[in-house]
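Remarks on the overall topology
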Amino acid sequence: MQDLDQDPYISSNWGDLPEDLSEFLNDDFLVNFGVSYLDTDVLFDDPLLTCEDELSTCTALPTASELPDQESQREAQRDKTTNNRRKRPRVPRAQRCTDENTPSRSKRQRAAARPRTKVAQTQSPVTQGADTEESEASSAETTGLSATPPRVVHVHPSSIQFITIPDTSAYQVVGTLRLSHPVLRLPIPNTAAAPTYILVPAASPPFKQQEPPLSPMNGAVAPVQMSSPPLGSLSDTKAMSPHWALPLSPNNEMSTCKESPLPQSPTALDIPQVVKDYIQKAKAHVSQPGQDTESGLGLSSRYVDVQVSRREILRSGKNANKVLDKDLVITGDTDRQKSCLGHMQIFEGLNGDKPKCYILLLGNAGMGKTTLVRKLCLDWSMNCLPQFDFVFVLDGKALSLSAATHSLQTLLLDSSSFAAPCADPEAVYAQILAAPKRVLVVFDGFDELRDFEILLQTQEKDSMTSLQKDSKARAYTVRQLYSAVLQRLLLPGCTLLLATRPRGAASQLLRRTDSLLEVCGFTPTNVETYISRYFTDPDVGAAALNCLKNCSYLRLLCWNPGLCRLVCLVLERCKSFEDLPRTLTGLCHRVLRLKLEKDESQSEVQPEEEEQISGSSLEKRRQKNTRTKPGALVRTRTRSTKGSKKQEEDGGDVDGVGIKSVGGEVDKADREMLSQLSCLAWKGVKANSSILPTEWAVSAELEAFGRRTGLISSYHPRPREVASSDETGGGGRPDREEMARRKIGEKRGKKGRTSTEHVDVSDDHILSWANPFLQSYLAAVHLSLSRSVTDRAFLQTLPFQSGQKERRRPQREELELTQRFAVGLLFHDRTELPRLHSYTEASFGDMVVAKQALATRHLEGLSHGDLSPAQVLEACHHVYEASFTRGAGSGGGGGERLVAHLAANLPEALTFRGVPLKPSDVFAVQNVLEKGGAEGRRFSLDLEDSGIQISGLEALVGLNNIHTYRACIADVIALWEQLEQNGQEVLLREAVSKFKIHPLKATQACHIEHLAKLVNIHTHRRLPDSSSQSESILAEGVPAVKELHKLQLELGPEKSPQVLLKLWELLPGLHNLQHLDLENSKIGDKGAEQLADALSSLGSLEILNLPQNCIGDQGVKKLETALRNLPKLHCLSLYSNEISDEGAEILADVLPHMASLTDLDVKYNKLTDVGAQILGASLRNCKKMKTLRMWNQCIPYGVLERLQQQDSRIQWQ
C-alpha cells in the first residue's frame, strides 16, 4: 500500500487503514455490506490494476480518452489465446465458476504469455503480483471444485492507492478513470464510520523501454517518447498525474518572452539526436537575419505587438450558407477591447478549456496576418511555444503548382516557408507522424475564404485513400496535400492556424473551426511605437510624428499596419507638412513615385561601375549573383536620415536591366513597363487574385523591373539554402532551380538582357504582387489613364451600377480600392501624372477630361435613397478622393461639387448598421456631414453594430448638425465617462441629450447587459465613479431610457435564459415602456412569475408578446394579478405555449377586468373544446375585445364553427 502520510490531502482523523485488506474485499463481505453490484472480475481485471508486466514496461499511462472499454479488452485477450476467427460466446459467471473445463478469466488472459502450471503453491492472503492469481486458478482447476471459491482481491502496491473521503456533503467524488466501479464504500473494523475509497493511479514505477508502436501512416516505427501524448501536455492526463507532478504555477515560470504565462510542455527526452539537431537548426534558421524581415525591416527589432480579438458568428437557420462578412457579430469598441488577446494566447482555451486546435485568423489586406505568423515562428525559435516541436508555414500561392510531384514529407521539410536544410528527413518525418499533436501547421497567403472552402470539399476517394496509405510517395499535387491536412486525413491532431480575409462563404470551414480570431489594427500608441522604431534617429522620428499629427487622414490610415508603413516611406522624403498627401490615392501615387526614383538613382550608377569591371570579372559576378537569386536585382531598402542617403546593395544587377543610359529613352522604357504592369494588375483584380499566372507570359525584363521596384515579389516553395553533400550523406543532387539559374546566367548579354522573351526559372517559381494597395492603384492607372480602356468599359467598372444583380461571390477589397483610386486619379493633379502614361499632353488631357465627366455624371445620378449602408460609405470615400486635390491641373472644382451634391442628397436618417467603420471611414463620413452642415442639413446617425471606435464616435457626435445618434450603449457610456474626465461639459451635455435607443432589439446577450448599466445610470442620476459634474446633466435621468417605448428580445431559446435574470432586474426602470416582445425566449412558469413582478412597474405597457415560451397553467396563474393591473394593455399574445383548460379558465376570469384589451391570441396551446367554450362565454362580457384567436388541433372543427357563429370576434387564424 502507498504511504498515506505523503499525501497532504488525506486527514489522519479518518482512521487507520488495516494493513491487510484482503479479508474485507472478498465476495461475501461485499454482499453483506450492500456492494454486491461490484463485479470484481471487471474491476480487478482492468489492465491498470493487475497487469504487472505491462506496468513495468509501459512508457506512459494512457489518458482517460485512450482507455478501451472493458468488453473490447476481453475480446482482444480472447483473440490472442486462440487462432479461431469466430467470436467466442460469453459464458455466464455462474457457469464459469462451476465448469471445471473453463479456465478463469485471469488464467485465459495469461495463457498466451506463459505456460500453465499444475503445481498449487501456498501463499499469503495478500500477494504482490499476479503469480498468486495464477497459482490459485491452477489449484482450483486441479481440484475441480464446483462451489464458488472465496474471491480474494489482490492489490498491486505500486499501481493503486487508497484515499479516504469523509462522509459529508461538502465532498464530491469524481471518477477520473474509466473503471467500472472506481469508488468503493467499505466498512472497516475499528473505524468510526464507513469511509469511501477511491482507486487512483499512484506514481508510476520506473519504466522500461518497450518496442515502439507502428505509425498508422506508413508502418514506420514511431519514436518511443511520442507513441502516446506527453504527460502534462494534454488536459486528459491531468487526472492521472500525481499531485506533486502538477505543472508549475505561471507566476513561477521563467521565460524569454514578455507575455506570461507560457503553456507548460515537458521536454521530450527520447527524441533521436538527429531530430533534436534538426529542430535546433530550424529554430536558428528562422531567427537568422533576413528570415524574419519584410522589405528590409527587422521583425525582431521593429515588430509592434498588435492584439487579436475573438469573433463570433450568428448561429441562425438550418445549415445556412454562412457568408462570413455578413454573419460575423460586430461588437462595440468596449467589448472588443475586453476580448482582445496577445499573440501568445492564440492557442489557449477560453476559461480553462482545452487548447484550440483549428484556428481561423481573419484580417483585411495589410492588417498584418503574415507579420503575425512570422512573429509566432520567431517566438517558437526562442522557445516561447514549448507545446510545439515543429512549426510549418504553408503558403497559399503554392496552390498554383499543378505538378503531382510532391509528398507530405517534401511539402513540410522542403516547400514550407523558413524550411531549414535537413540531414535526415526520414527520421524527422517519422517523428512528425508519431507526434502530430506537437506540430503547428500555418496556412498563410490565402486571399479568399473560398480557397479554403474548395480545399475542404470532398476529394477523389482513390487519391485520398492512397495518400493515407503512403504519404511519402511523391505523386500528389500541393492542392491534394493541403486538402488532406485541412480535412484531418493527414497529421490528425495537429494544430492548424488558417490566415485569410473575412469575405465570402465559409460553411464548411466554420463547422470545423473551434476558434475565430481577427487581427486588431494599430492604436495611436502602436503608431507612435512603430514610427519610433522605423526611424532609427530619434530626432527624425519625432519630426515625422509631428508632421503626421498635423495630417488627420494619414494618421487615421495608420490604423492599418500596411498603410502605416507606406506612410513612413513618404515621411522619409517629406520636406514639410504641406508636402504630405491628403488622400489614399495621393499616398499610393507618392509611394510609387519614390520607388521609381529609387530605381533610377540606382541605375545611373551602374554604367560607371560596369566600365571598371573587366569582361571576365563581370561574368563571374553575374554567375555569383545568379546563384543567389534568379532574374532580379536584389537590393535592400534605401534609408534617408537627416538628408543623407545611404544605399545598400546585396549582390548586383543580375540580369542587367538596371544598367540604363541617361535620357528620355530610359524614361520611355519605364513608362512602357509600368503600362504593362498596370494592365496585369487590372487582370489580377478582375480575377480576384494577387498571383501572376505563368500563362500571362510575363517577360524577363518586365519581371526584373517589377521586382527591382518592389512591385512584384517572387515566391519559391523550395528552400533557398540546400544541404551540403556532407549533410546529405554525399549523395545530394544539384537543385533543379540552381541549374535553371545557371542556364539563365549563360544567356545574359552585355547589358544583362535575356535572349528569350519569357524564361520560367522553374515550376516552383511564382510571381505575385508585393502590396495589395499598389496592385489596386496600378489597376486604377490602367482604367483611368489608358486609352485602351474605352469610355463605355470605364463606366462599367464604376461602382453602384443600376440593375446590378446580386453577386454570388462578394466583391474583393482590391476591386473596391481600384474603383476608389480610379475616381481619385481623374481628379488628381495632372502635373504629377506624366510618368504614368506615354501620350502627348494634349491627348492625355482630353482623355482625362472625358472620363472625369463620365465619373461625375455617374456619381451625381445616383439614387441615394436606394443605396445600402455599405454603398453610402463607398460614395463618401469616392467624393473625398475626388475633392482633396492639389495644383492647378486638378480639373477645377469638380471634386468639391461632388461632395456638395452628396451631402445635399443623403437621407436625413443615415444608417451604417452592420457596416464595420474603420477610422478612415469615419473621417470620410465626417467630411460629407460637415459639408451638409454648411448647407443647413441635419442628420440622425445609426452607428449600431458598426464597431466604431470611441474616438470616431466622439468626432461624429460633436458635429453641430447631428440631431440624434444611436451606437453601442457600452461605447456611449465610455464616451460620457471620457468627456467627464476631460472636463468637456458642453460636449457631454450634447452627447447625453442626442443619444437614442428606441426601439431596442437585443440580438446579443451583451445588449441586455449594456442596457442594465444605462438603466442603473438613469436610476441613480449619475455616472459610475463620477464627480459632481454629471449630476447636473443627469439630474432628470437619461433621456434615452425615458424615451424607450419598445424592447424586443431576439436571442433565441439557447441564449435567452442567460440574460433573463438581468432583464427582470432592469424592467422596473423602464417606466415608459409600451411594447415588450419576449417571443421564443423559453421563460417557462418560473420566468412568468418573475415577469409578473416586473409588470407591476410597467403601467404604460400596451403590447405584451409571449409566444413560444413554455408557459403553462401555473404561469398563467402567476400572471393573472399583473394582467389585471395593466390599464393600457390592448394586445396580449400567448401563442404556442402549454396552456390547457385550467389556464383557459383563469384567462376567462381575468378578461372582463382587462378593460383596454382588444386582441388575445391563444392559438396552438393545449386547449380542448371545454376551454374554448369557457373563453367564448367570457368573451360576451368583454365589449372592447376585437379578436380572439384560439385554434388548435385539440378543438373540434364543429365547436369552433359554432363558437364563431355565436361571436364573429372568434377567429381561427
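Scroll up a little and you will see the structure.
Since we're looking at a predicted model, the values are computed, not measured. Sequence order sets the numbering: in each chain, residues are counted from 1 along the sequence as written. Only residues with pLDDT of 70 or above have their local features reported here, since the model is predicted, and side-chain atom pairs are shown and tallied only from 80 upward, although totals for entire chains, interfaces and linings are computed over all residues. Excluding hydrogens and water, the side-chain values take into account all heavy atoms of the structure.

**Some details on helix α15 (residues 425-434)**
Accessible area is worked out with a 1.4 Å probe on protein chains only. A residue is then buried under 20% of its type maximum, exposed over 50%, and partly exposed in between. Elements are defined by DSSP. Helices are runs of H or I of four residues or more, strands are runs of E of two residues or more, and each kind is numbered from the N terminus. Here α15 lies mainly inside the structure; seven of its 10 residues are buried. Buried within α15 we find V428, Y429, A430, Q431, I432, L433 and A434. Here a residue-residue contact requires only that any non-hydrogen atoms of the pair lie within 4.5 Å. On its buried side, α15 packs onto α9 (273-286), β9 (390-395), α14 (408-413) and β10 (439-444).

**Section: helix α34 (residues 894-905)**
One fewer than the residue count of a helix, multiplied by 1.5 Å, yields its expected span. The end-to-end C-alpha separation of α34 is 17 Å, in line with the 16 Å expected for 12 residues at 1.5 Å each. Buried within α34 are the following residues: G894, G895, L898, V899, A900, L902 and A903. Summarising the contacts, the buried residues of α34 are in contact with α32 (841-860), α33 (869-883), α35 (919-934) and β19 (939-942).

**Digging into the environment of G865**
Secondary-structure assignment places G865 in the loop between α32 and α33. For the pair G865 and E908, spaced 43 residues apart in sequence, the C-alpha separation works out to 9.8 Å.

**A look at the packing of helix α37 (residues 969-981) against helix α38 (residues 985-994)**
Axis lines are fitted through C-alpha atoms, for helices just across the contact stretch, and the angle between N-to-C directions can take any value from 0 to 180 degrees. Put simply, α37 and α38 touch, their axes get as near as 9 Å, and they point 160° apart. Taken together, α37 and α38 sit at an angle that is classed as roughly antiparallel. Every pair of crossing elements has a handedness; the one defined by α37 and α38 is left-handed. Counted together, W976, L979 and E980 of α37 and L987, L988, A991 and V992 of α38 form the full contact between these two elements. Within the contact of α37 with α38, the residues separate by chemical class into six nonpolar, no polar and one charged. Geometric relationships in this document are graded by angle, where less than 35 degrees denotes roughly parallel, more than 145 denotes roughly antiparallel, 65 to 115 denotes roughly perpendicular, and other angles denote oblique. Take the far helix as your reference; a near helix turned counterclockwise from it by less than a right angle gives a left-handed crossing, and one turned clockwise gives a right-handed crossing. All amino acids are sorted into three groups, where Ala, Val, Leu, Ile, Met, Phe, Trp, Tyr, Cys and Pro are nonpolar, Asp, Glu, Lys and Arg are charged, and the leftover types, Gly among them, are polar.

**Examining the pairing of strand β20 (residues 962-966)**
In terms of residue burial, β20 counts as a mostly covered element, since four of its five residues are buried. We call two strands paired when DSSP finds no fewer than two bridges between them. Note: β19 against β20, four bridges, orientation parallel. Across the sheet, residue S940 finds its bridge partner in β20, namely T964. For a crossover, the right-handed case is the one in which the path from the first strand over the helix to the second runs clockwise, viewed with the strands pointing away from the viewer. For the crossover that starts at β19, traverses helix α36 (residues 950-957) and ends in the parallel β20, the hand is right-handed.

**Quick look at the pattern of salt bridges**
In the sections that follow, a salt bridge refers to a side-chain nitrogen of Lys or Arg positioned within 4 Å of a carboxyl oxygen of Asp or Glu. All told, the structure shown has 26 salt bridges when counted by the stated rule. For the salt bridge of K472 with E426, the shortest nitrogen-to-oxygen distance reads 2.3 Å. Within this pair, whereas K472 is found in the loop between α17 (461-469) and α18 (478-486), its partner E426 is found in helix α15, the two being separated by 46 residues in sequence. In this structure K472 comes out as partly exposed when scored by relative accessible area, which is 28%. Connected through shared salt-bridge partners, R913, D942, E944, D945 and R966 make up one network.

**Side note on the packing of α9 against α15**
In contact at an axis separation of 9 Å, α9 and α15 are set at 90° when each is read in the N-to-C sense. On the basis of the axis angle, α9 is roughly perpendicular to α15. Contact with α9, carried on its side by V274, V275 and Y278, involves A427, V428 and Q431 of α15 and no other residues of that element. Looking at the contact of α9 with α15, its residues break down into five nonpolar, one polar and no charged.

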